[in-house]
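As a plain string of letters, each chain reads:
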There are 2 protein chains.
Amino acid sequence: MKLTTRFRYGTRAVLDLAIHAAERPVSLKDIAQRQGISRKYLETLFSTLQSSGIVRAVRGPRGGYRLTRKPEDISLRRLYEVLEGSGPLVDCTADPDICLRSASCVTQQVWEEMYNLCIGYLDSISIQELINRS
Amino acid sequence: MKLTTRFRYGTRAVLDLAIHAAERPVSLKDIAQRQGISRKYLETLFSTLQSSGIVRAVRGPRGGYRLTRKPEDISLRRLYEVLEGSGPLVDCTADPDICLRSASCVTQQVWEEMYNLCIGYLDSISIQELINRS
DNA sequence: TTAATTCCTATTAATTAAATAGAAATTATT
DNA sequence: AATAATTTCTATTTAATTAATAGGAATTAA
């Protein structure tokens, strides 16, 4: 059970954007340099972030990205759902029909509860909270 | 972030063993049939479980496996550590040197806390607890 | 002696994530 | 109008890991 690079890098990138966004949009080139993440990889992440409504692009010279809302309104839960994209810890939680045993499976309940714990925790942490800690 | 098949199947197999272990050891053939898991796959899991001291094999006809301790003394945390084997949610938690940013990384703290939540939860659930629920 | 089992060592297959590539579209600036 | 800095799009490649299988050796109860 590991977090994906997508989610980890994405979180750092959004945090970086939140910290550096003043009057100008922030380019991926700058984020890439500061965070040590390849610009090309960030492109794929920000494509997802934009279509999820978390950031908005400004194209052309001096362009880049802006957050669409305040850092306190962006939870890690949202970033997890958008970037990690894998859903619950086990597939049978989301779709019980994939396993004949779902109805009577006590382990499924446990994995679901564990997932709820994780999601609840991520929901309690916002990008603003990360800014405060840094 | 998904749980591995190793851990999920392993947990179900140990639970099955705990439920069916009476005077005789339980063979992998029986567990495989009841749980719908290939015997060959169970062999690899039980090899790990035995070397971790959770089960003990009895070879030969009428052989199989027994638990080495009571179901209430086997936590899912232990099974996770033995079967999942992947450690923390991110590698930098275990070994900060793999990332230059570790010292000042606020996300690392968050991933670590999230991991602690998961492990704490798994620690609170024993095989006996699963038996009670089933 | 036989048959049922675990044990050992590989190997293969499948899946997913990670990373890169290159060219097109957009637009501020000069 | 030209240039350069950026995002956008689509595809591909690489790497890593997990999942699953295979076959025969060792063990031992009956």
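Only a predicted model underlies this, so the values are computations on that prediction, with no experimental measurement involved.

Chemist: I'd like to hear about the interface of chain B and chain A, residue by residue, with values.
Modeler: Taken together, the contact between chain B and chain A spans 36 residues of the former and 36 residues of the latter. For the chain B and chain A pair, buried surface summed over both sides reaches about 3,400 Å², with 71% attributable to carbon and sulfur atoms. Sorting the residues of chain B by area buried against chain A places B:Met1, B:Lys2 and B:Tyr121 first, and these three jointly supply 23% of that buried surface. Summed over the shared surface of chain B and chain A, the result is two salt bridges.

Chemist: A description of the protein's contact with DNA strand C should follow, citing residues and the corresponding values.
Modeler: A:Thr5, A:Lys40, A:Pro61, B:Leu28 and B:Tyr65 are the nearest of the 25 residues found near DNA strand C. The contact in question runs from a phosphate oxygen of DNA strand C to an N or O atom on the side chain of A:Thr5, over 2.5 Å. In this structure, a base oxygen belonging to DNA strand C sits 2.5 Å away from a side-chain N or O atom of A:Lys40. For the surface near DNA strand C, the elements supplying multiple residues, two or more each, are helix 1 (5–20) and helix 3 (39–51) of chain A together with helix 2 (28–35), helix 3 (39–51), strand 1 (55–58) and strand 2 (64–67) of chain B. Per-element accounting of the surface near DNA strand C gives the leading share, four residues, to helix 3 of chain B. Grouping the constituent residues of the surface near DNA strand C by class yields seven nonpolar, nine polar and nine charged.

Conventions used here
- Residues numbered from 1 in each chain as written.
- Chains lettered and ligands numbered in written order.
- Predicted model: local features only at pLDDT ≥ 70, side-chain atom pairs only at ≥ 80, totals over all residues.
- Heavy atoms only, no water.
- Contact = heavy atoms within 4.5 Å.
- Buried area = accessible area lost by both parts, 1.4 Å probe.
- Salt bridge = Lys/Arg side-chain N within 4 Å of Asp/Glu carboxyl O.
- Near = heavy atom within 4 Å.
- Polar contact = N/O pair within 3.5 Å; in protein donor to acceptor, adjacent residues only side chain to side chain.
- Helix = DSSP H or I, 4+ residues; strand = E, 2+ residues; numbered from the N terminus.
- Nonpolar A, V, L, I, M, F, W, Y, C, P; charged D, E, K, R; others polar.

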